[in-house]
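One-letter residues, chain by chain:
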Amino acid sequence: MERDRALRVLLVEDDEEDALLLREMLGETSAQRPELTVVGRLGEAMERVGEERFDAVLLDLKLPDSQGLDTFADLHHLIPEVPVVVMTGLDDSDMARRAVQAGAQDYLVKGQVNGPALLRSVLYAIERQRTVRYRALLLERERFDTAVSQMSDAIVVTDETGEVTTANHAACLLLNLPEGRWKGLPLWAVLGSFETSVPLVKLRTETERVSAFEISRPNTHPPLYLDALL
């Protein structure tokens, strides 16, 4: 969430009095007043999250068109990346445990929480969800790096600035990359000692990405000719 953007929270609550009370509670928080959108049915909530971006959802489990944990499950399945805090009038520890096990970031009982505590729960839910996503990205990256390292084709991966983040053994051999010391090297510096069929400046700046080009080093023994994909 950008620091200069208001926290956007979707409240799914069909009881108008409860919705008004929750709005007033969040309005009491001086540190960061969320921008609250209220809908009264699960179907409406699913439409809104498909059209708009929310930082978190406060969800009542007892709605006119959905009841119980199925309410959470249906919404969570649609937006697994958005933290959902369950708010219900039922003080049920077993329900709370099952909701959290299913992926809810918190389980709050109406009437047992004040404005600051409610906002704190929302903020913590956002941070926990962010941590979960970060760990998932790290695991995905580890799996990717493992797969790349075992490929016989030369693979070089860069970040958005063009600095090398991954290079497998084949790439190190073919491109004279220092094994284990390539991280952070600019790709254009790596290719600077080679001839390329497309000028490096074009590869760096062309708005329409060049998908295929050739890398060569014809004056070496033996000469080197490579087909490359960008």
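Going by the structure above, here's the rest.
This structure is a prediction, so every number in the text was calculated from the model and none was measured.

Let's shift gears to the overall build of the chain. Looking only at helices and strands, the chain has eight helices and twelve strands in total. Relative to a compact globule of 230 residues, whose C-alpha radius of gyration would be 17 Å, the chain shows 26 Å and is clearly more extended. Along the longest, intermediate and shortest principal axes, the C-alpha atoms of the chain span 80 × 35 × 30 Å. Looking at the chain as a whole, 38% of its 230 residues qualify as buried. Counting contacts in the chain only where the partners sit at least 6 residues apart, residues at least 24 apart contribute 49% of the total. For the chain, the exposed area adds up to about 14100 Å²; of that, 50% sits on carbon and sulfur atoms.

All right, on to unusual backbone geometry then. At N176, a residue that is not glycine, the phi angle is positive and equals roughly 55 degrees. As for its position among the elements, N176 is in the loop between α6 (169-175) and α7 (187-190). On the accessibility criterion, N176 (55% relative accessible area) is exposed.

Below, the discussion takes up the nonpolar core. By size, the foremost hydrophobic cluster in this structure holds 24 residues, and its most contacted members are L10, V12, V57, L59, L61 and Y107. Among residues more than four places away in sequence, those in contact with L59 are V12, T71, F72, L75, V84, V85, V86 and M87.

Further remarks concern the side chain of E13. Among the structural elements, E13 can be located in the loop between β1 (8-12) and α1 (16-27). Polar side-chain contacts of E13 include one of 2.9 Å to the backbone nitrogen of D15. Of note is the side chain of E13, whose polar atom sits 2.5 Å from the side chain of K110. Setting aside anything within four residues of it in sequence, one finds E13 in contact with D18, A19, V38, V39, G40, D60, L63 and K110.

Here we come to the sheet that holds strand β2 (residues 35-39). Within the open sheet, the five strands sit side by side as β2-β1-β3-β6-β7. Their pairing is parallel. Either end of the sheet is taken by a strand with one partner, and the two such strands are β2 and β7 (106-109). Between one strand axis and the next, the sheet turns by 20 degrees as a mean value, whatever way the strands run. Summarising the sheet, β1 and β2 pair through five bridges and their orientation is parallel. Bridging from a neighbouring strand, V12 pairs with V39 of β2.

Taking 1.5 Å per residue as the helical rise, helix α5 (residues 115-149) with its 35 residues ought to reach 51 Å, and the 51 Å between its terminal C-alpha atoms agrees with that figure. Among all positions in α5, only G115, L118, L119, S121, V122, A125, I126, Q129 and V148 are buried. Where the residues of α5 are buried, they touch β1, α1, β3 (56-59), β6 (84-88), β7 and β9 (164-167).

Attention now moves to a negative patch on the surface. Together, D14, D15, E16, E17, E44, E47, E51 and D65 line one region of the surface with negative charge. At the level of secondary structure, the elements contributing two or more residues to the negative patch comprise α1 and α2 (42-51). Relative to the helices and strands, E17 is located in helix α1.

The subject of this paragraph is the side chain of S216. One can find S216 in strand β11 (residues 212-217). On the basis of relative accessibility, which here comes to 13%, the residue S216 falls in the buried class. Residues in contact with S216, not counting those within four places in the same chain, are F194, E195, L224 and Y225.

Moving on, we come to the environment of I126. Assignment of secondary structure puts I126 in helix α5. Classification of I126 by relative accessible area gives buried; the value is 8%. Residues I126 and A56, 70 residues apart in the sequence, show an inter-C-alpha distance of 6.7 Å. Among residues more than four places away in sequence, those in contact with I126 are L7, D55, A56 and P83.

What counts and what doesn't
- Residues numbered from 1 in each chain as written.
- Predicted model: local features only at pLDDT ≥ 70, side-chain atom pairs only at ≥ 80, totals over all residues.
- Heavy atoms only, no water.
- Helix = DSSP H or I, 4+ residues; strand = E, 2+ residues; numbered from the N terminus.
- Rg over C-alpha atoms; globule rule 2.2 N^0.38 Å.
- Buried < 20%, exposed > 50% of the residue type's maximum accessible area, 1.4 Å probe, protein only.
- Contact = heavy atoms within 4.5 Å.
- Areas by Shrake-Rupley, 256 points an atom, 1.4 Å probe, with all protein chains shown as cover.
- Core = buried A, V, L, I, M, F, W, Y, C linked by side-chain atoms within 4.5 Å.
- Polar contact = N/O pair within 3.5 Å; in protein donor to acceptor, adjacent residues only side chain to side chain.
- Pairing = 2+ DSSP bridges.
- Axes fitted to C-alpha atoms, helices over the stretch in contact; angles between N-to-C directions.
- Expected span 1.5 Å × (residues − 1).
- Patch = residues over 30% accessible without salt bridge, like charges linked within 9 Å, V, L, I, M, F, W, Y side chains within 5 Å.
- Salt bridge = Lys/Arg side-chain N within 4 Å of Asp/Glu carboxyl O.
- Lys, Arg positive; Asp, Glu negative; His and termini not counted.
- Charge placed at Lys NZ, Arg CZ, Asp CG, Glu CD.

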